[in-house]
Amino acid sequence: MKEYSTEGSRKLFEETKKYLLGGVASSFHKSPTEEYPICISHGKGSRLYDVDGNEYIDYVAGLCPMLLGYADDEINSALREQLKKGTHFAATTPELVRLSKLLCEVIPCAELVSYQNSGTEANMFAWRLARAYTGKKKIVKFEGQYHGWSDEQKVSIDGGRIEDVGDRDKPERIMTTPGQRKAAADDVIVIPWNDVSVIEELFRKQADEIAAVVMEPFMCDNGPIPPLGGYLESVRALTEEYGVLLIFDEVITGFRLSLGGAHELFGVTPDIAVFAKAASAGFPLAFIGGRRDIMQCGVPASGTFNGHAFAVAAAIKAIEIYKRPETYKNLNEISEYFSAGLKELGKKYNVPLISEAYGGLVTLTFTKADRIADFRDWLMYADVGRYNRFNELCKKHGIRLTNKKGRLCVSTKHTKEDIDRTLAIMDQLFGMIQ
Ligand SMILES: Cc1ncc(COP(=O)(O)O)c(C=O)c1O
């Protein structure tokens with residue numbers, strides 16, 4: 001197989017670095033292990049094209065929003081219609097009313113919704129609401145789960161070594177960036193995920209101080225790691241028993257795992273759920289949905305661009321498409337086909353791995369372990385080095401995967417032929433990572 005030449009990307013990265021901090025718009029756009037990121041010229045459907053004219057079958061999906069693939073014709077035509085009317089008014093529009101109604105229909109926990117522009121902001125709003133509603137201060141979050149980049153959120157989220165995370169019953173709160181105020185996380189309690197006994201113990205001691213438990217119901221930002229059977233149900237029951245709110249961060253899982261998010265898929269309804277990414281299929285629209293009494297407890301939603309008309313137009317069209325009966329049927333079929341192919345390759349080349357399929361998400365974790373249940377397992381047993389090597393090889397041969405994390409995003413545009421082609425390329429690459 002011939003390797004791609006990406007000299008154009010290299011040159012542009014050198015040029016960009018002169019003007020743009022780090023040469024990228026977000027630290028997530030370049031892995032610390034890669035010399036330079038691929039510079040994208042355009043995308044269509046399941047494909048991306050770089051400035052050197054190379055074509056990639058894409059599984060990054062713009063860090064998850066692009067559930068409908070790139071440059072979707074229906075989204076584009078909705079945007080053209082909106083463009084004629086204007087892009088931003090900082091006012092209510094009939095389209096905003098329509099979207100809000102649609103969201104309350106399709107999201108099980110949403111009696112009311114409220115808008116922001118990013119997952120970070122929407123999570124900040126949800127945490128504030130929980131504190132206002134309960135009159136309590138502490139927020140429980142889980143190791144390895146990312147909810148945004150603010151001082152209070154970016155705690156114990158990533159990387160690191162197992163030696164740094166502290167005892168299981170007393171985890172360290174790990175700050176992740178210079179300039180972050182440690183005191184900002186004073187009211188954040190960090191615990192391991194997927195273990196009911198940890199929450200039970202914590203609630204027995206401290207429930208009267210805890211406003212909310214915040215979790216990705218399916219851990220996607222690291223891992224990915226599904227919830228263990230019964231875990232979500234048990235946490236739901238405990239939060240109700242102890243008067244603590246349950247917030248699901250569905251920024252990745254929302255619309256990707258199923259129309260009503262992970263909480264619909266797993267049948268466990270939180271008090272508040274946070275959505276972004278695929279909600280607007282490529283535009284910065286985020287929202288929270290939740291119980292009416294909580295949503296109405298007096299916290300205003302601020303933000304110039306909240307309910308931006310362009311993002312709203314895209315979101316209405318995206319949700320109309322998601323609602324079609326064939327959408328998730330096809331996504332599930334394609335993802336299962338892909339995951340089965342990955343497992344076959346693992347067996348063929350004796351490369352141990354875990355892979356599962358849920359809606360538009362396929363997981364790929366190289367590991368000898370039978371199961372990975374939380375961030376500590378992931379740090380200890382996931383072979384991230386092998387994944388990084390595999391990712392580098394994929395990139396050189398026309399397949400784009402997410403950096404470090406085995407989160408493969410399938411879109412409605414991926415066909416069985418795309419997956420066959422991907423697996424045929426990977427068939428050759430697996431031999432190189434044995
Ligand atoms: C689970 C989760 N929550 C929140 C966020 C933050 O969203 P945003 O990047 O839109 O601020 C992310 C981003 O990747 C995420 O994965």
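Criteria and thresholds
Residue positions are given per chain, counting from 1 as you read along its sequence in written order. Thresholds applied to this predicted model are a pLDDT of at least 70 for local features of residues and 80 or more for the giving and counting of side-chain atom pairs; totals over whole chains, interfaces and linings are not thresholded and use all residues. Should the C-beta atom of a residue, placed from the backbone, lie within 6 Å of a molecule or strand, that residue is near it. In this classification, the charged set is Asp, Glu, Lys and Arg, the nonpolar set is Ala, Val, Leu, Ile, Met, Phe, Trp, Tyr, Cys and Pro, and all remaining amino acids, among them Gly, are polar. Exposure in this text rests on C-beta crowding, where 20 or more other C-beta atoms within 10 Å of a residue's own make it buried, 12 or fewer make it exposed, and counts in between make it partly exposed. The C-beta atoms are placed from the backbone. Secondary structure elements are taken from DSSP: a helix is a run of H or I of four residues or more, a strand is a run of E of two residues or more, and numbering for both begins at the N terminus. In this scheme, strands are said to pair when DSSP sees at least two bridges between them. An expected span of 1.5 Å times one less than the residue number is assigned to each helix. Remark: residues whose backbone-derived C-beta atoms lie within 7 Å of one another are considered to be in contact. For the domain bounds, the source is a domain assignment made automatically or taken from a database.

In this section: the site of the ligand. Around the ligand, 14 residues are found, and the nearest of them are Ser118, Gly119, Thr120, Asp221 and Val251. The class makeup of the residues in the shell around the ligand is 5 nonpolar, 6 polar and 3 charged.

Because side chains alternate across strand 2 (residues 47–50), one face comprises the buried residues Leu48 and Asp50, and the other comprises Arg47 and Tyr49, none of which is buried. The sheet contact formed by strand 1 (residues 40–44) and strand 2 spans 4 bridges and is antiparallel. Residue pairing across strands places His42 opposite Tyr49, the latter belonging to strand 2. Taken together, strand 1 and the strand that follows it, strand 2, pair antiparallel across an intervening segment of 2 residues, in which Gly45 is found at a positive phi of about 60°. Between strand 2 and strand 3 (residues 55–58), which pair antiparallel one after the other, the connecting turn spans 4 residues, and Gly53 there sits at a positive phi close to 85°.

Right, let's talk about helix 6 (residues 231–242) for a bit. Because each turn of an α-helix spans 3.6 residues, side chains separated by three or four positions in sequence point in the same direction. Helix length check: helix 6, at 12 residues, gives a terminal C-alpha distance of 16 Å against a target of 16 Å (1.5 Å per residue), a fit within 8%. Structurally, helix 6 contributes buried residues whose contacts are with helix 5 (196–206), strand 9 (210–215), strand 10 (245–249) and helix 7 (261–266). Gly243 lies just past helix 6 and shows a positive phi near 70°.

This part takes up the environment of Glu152. Of note, Glu152 is situated in the loop between strand 5 (138–142) and strand 6 (166–167). For the pair Glu152 and Thr363, spaced 211 residues apart in the sequence, the C-alpha separation amounts to 29 Å. Setting aside chain neighbours within four positions, we find Glu152 in contact with Ala184, Ala185 and Val188.

Right, let's talk about the domain arrangement of the protein chain for a bit. You can read the domains of the protein chain as domain 1 (7–71 + 326–430) and domain 2 (73–322). Just the C-alpha atoms count here: the centres of domain 1 and domain 2 sit 24 Å apart. With 27 residues of domain 1 at the contact, the number on the domain 2 side is 33 residues. The set of elements that each furnish at least two residues to the side of domain 1 that touches domain 2 consists of helix 10 (325–349), strand 15 (361–363) and helix 11 (375–381). With 5 residues, the single largest contributor to the side of domain 1 that touches domain 2 is helix 11. Broken down by class, the residue content of the side of domain 1 that touches domain 2 amounts to 15 nonpolar, 7 polar and 5 charged.

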